Amino acid sequence: IRADAVPLRDETAYLTATFTNDGKEVILPGPVTLYHDGALVGETELGLIAAGDEATLGFGPIDGLRLTRTVPDRMEGQGGIITTTNEETETAILKVENLTAEDWPVRVTDQVPYSEQEDLVISHSAKPAPTSEDADGQRGLLIWDFTLKAGGKQEIRLEQSLKWPDGMVLQ
């Protein structure tokens with residue numbers, strides 16, 4: 001059980017539960033009624049879960065986990081003396097605030113661009129460093145896993161830089 005947070009898309013985190021089918025039989029697809037701490041959360045369709053497979057279910061927003069993503073610095077320009085290059089830099093600040101009375105295991109997900117062209121050079125850095133990069137084979141996906149104490153805050157600083165030769169257009 002954890003709180004999944006995507007500050008780029010949402011202002012709150014969502015409760016998710018990941019489980020493994022330890023049985024010897026498949027769990028057949030169909031409607032499922034979801035409860036959390038004895039309270040009805042809703043219904044969803046569950047897909048087929050083979051024996052030994054893992055699945056994740058969502059149980060709705062956690063109102064006390066607030067998310068923000070701001071971009072205080074973004075610059076674009078040219079540089080160089082003999083040859084010129086174009087450069088774009090961006091700094092993003094991701095914040096997670098726990099307004100609840102309990103500690104939460106949190107997974108924050110964000111993204112950075114990646115290059116498929118030799119002439120486009122992309123670099124990024126993050127403080128704190130992500131727990132995982134290119135998770136599940138998805139290029140540019142960054143994940144931070146941590147426990148956020150009751151009443152606590154966590155800030156992530158994400159910086160990225162794109163450089164490409166003069167005369168080329170970034171689209």
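Notes on the structure in this doc start here. (Residues numbered from 1 in each chain as written. Predicted model: local features only at pLDDT ≥ 70, side-chain atom pairs only at ≥ 80, totals over all residues. Heavy atoms only, no water.)

### Comments concerning the overall build of the protein
What the protein contains, in helices and strands, is zero helices and 11 strands. Taken over the C-alpha trace, the protein has a radius of gyration of 21 Å; the compact-globule value for 171 residues is 16 Å, which it surpasses by more than 25%. C-alpha extents for the protein along the principal axes are approximately 70 × 40 × 20 Å. A separation of at least 24 residues holds for 68% of the contacts in the protein among residues at least 6 apart in sequence. Computed over 14 positive and 30 negative side-chain charges, the separation of the two mean positions in the protein equals 6 Å. (Helix = DSSP H or I, 4+ residues; strand = E, 2+ residues; numbered from the N terminus. Rg over C-alpha atoms; globule rule 2.2 N^0.38 Å. Contact = heavy atoms within 4.5 Å. Lys, Arg positive; Asp, Glu negative; His and termini not counted. Charge placed at Lys NZ, Arg CZ, Asp CG, Glu CD.)

### Considering the pattern of salt bridges
Any two side chains of opposite charge can pair if their charged atoms end up close together. Summed over all chains, the structure comprises six salt bridges. Between D110 and R69 there is a salt bridge, and its shortest N-O distance comes to 2.8 Å. Taken together, the residues span a long stretch of sequence, with D110 in strand β7 (residues 104-111) and R69 in strand β5 (residues 54-79) at a distance of 41 residues. The class of D110 is buried, set by a relative accessible area of 3%. For K149, the salt bridge identified is with D103, shortest N-O distance 3.7 Å. One end of the pair, K149, is in the loop between β10 (141-148) and β11 (153-165); the other, D103, is in the loop between β6 (85-98) and β7, and 46 residues separate them in sequence. The exposure class of K149 is exposed, given its relative accessible area of 53%. (Salt bridge = Lys/Arg side-chain N within 4 Å of Asp/Glu carboxyl O. Buried < 20%, exposed > 50% of the residue type's maximum accessible area, 1.4 Å probe, protein only.)

### A short note on unusual backbone geometry
In this chain, K127 is followed by P128 through a cis amide linkage whose omega measures -5 degrees. In this fold, P128 is placed in the loop between β8 (121-127) and β9 (132-133). If you check the backbone angles, D37 has positive phi at about 50 degrees while not being a glycine. Within the element layout of this structure, D37 appears in the loop between β3 (30-36) and β4 (39-46). Taking relative accessible area as the criterion, D37 reaches 72% and is therefore assigned exposed. The backbone of D134 sits at a positive phi, close to 55 degrees, despite the residue not being glycine. For D134, the position within the fold is in the loop between β9 and β10.

### A few points about a nonpolar patch on the surface
Together, V26, L28 and L48 make up an exposed nonpolar region whose accessible area comes to about 300 Å². Taking the relative accessible area as the measure of exposure, V26 reaches 41% and is therefore partly exposed. (Patch = residues over 30% accessible without salt bridge, like charges linked within 9 Å, V, L, I, M, F, W, Y side chains within 5 Å. Areas by Shrake-Rupley, 256 points an atom, 1.4 Å probe, with all protein chains shown as cover.)

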